[in-house]
Amino acid sequence: MKKVMLFVLATCMIATLGIATAQAGWYNAMVTGTGAVGNQSTYICLTEQSATPAFTNRWFILNAAQAKSHLATALTAISSGLPVQVYFTQTGVPPAYATVYNMYLNNGFTN
């Protein structure tokens, strides 16, 4: 019985090694819109820049603690036509209205 249990346990462990887990992460994106809504939230519309974009014209919320600086970065990106790098803590593709925690103007470098 112990050998069967060990075999089943080992098989399960080996089978799960090949499963990729989605990580929180950085995305290169173009800012297609941004703005504040009353006294509540600051929003940004982004299109991810890859051959098959993870999101297109999707709205996100800027982290309240950095909303002013992120809004300035977003407006600079729009006026200069440069992409930004944004960071989400969600695993996988960030859903609409997910929070952007970090954002940097991207002048040609990537992670």
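Residues numbered from 1 in each chain as written. Predicted model: local features only at pLDDT ≥ 70, side-chain atom pairs only at ≥ 80, totals over all residues. Heavy atoms only, no water.

Caption draft 1: Here's a closer look at the sheet that holds strand β3 (residues 58-62). On the basis of which strands lie adjacent, the open sheet formed by six strands has the order β5-β3-β2-β1-β4-β6 and mixed pairing. Because the sheet does not close on itself, it has two edges, and the strands there are β5 (99-100) and β6 (102-105). Of the strands in this sheet, β1 (25-37), β2 (41-48), β3, β4 (84-88), β5 and β6 touch helix α2 (residues 67-80), which is tilted by about 100° from β1. (Pairing = 2+ DSSP bridges. Helix = DSSP H or I, 4+ residues; strand = E, 2+ residues; numbered from the N terminus. Contact = heavy atoms within 4.5 Å. Axes fitted to C-alpha atoms, helices over the stretch in contact; angles between N-to-C directions.)

Caption draft 2: Local environment of unusual backbone geometry. Of note in the backbone geometry, N57 takes a positive phi value of approximately 45° without being a glycine. Checked against the element boundaries, N57 lands in the loop between β2 and β3. Positive phi, close to 70°, is recorded for Y97, a residue that is not glycine. Relative to the elements of secondary structure, Y97 occurs in the loop between β4 and β5.

Caption draft 3: Representation of the side chain of E48. For E48, the position within the fold is in strand β2. In terms of polar contacts, E48 uses its side chain to reach the backbone amide nitrogen of A54, at 2.8 Å. With residues up to four places along the chain from it excluded, the contact list for E48 reads Y27, N28, A29, P53, A54 and F55. (Polar contact = N/O pair within 3.5 Å; in protein donor to acceptor, adjacent residues only side chain to side chain.)

Caption draft 4: Up close: the environment of Y43. Inspection of the secondary structure assignment puts Y43 in strand β2. Owing to a relative accessible area of 21%, Y43 belongs among the partly exposed residues under this scheme. Between the C-alpha atoms of Y43 and T99, which are 56 residues apart in sequence, the distance is 9.2 Å. Residues within four places of Y43 in sequence aside, it is in contact with G33, T34, G35, V37, W59, F60, I61 and Y97. (Buried < 20%, exposed > 50% of the residue type's maximum accessible area, 1.4 Å probe, protein only.)

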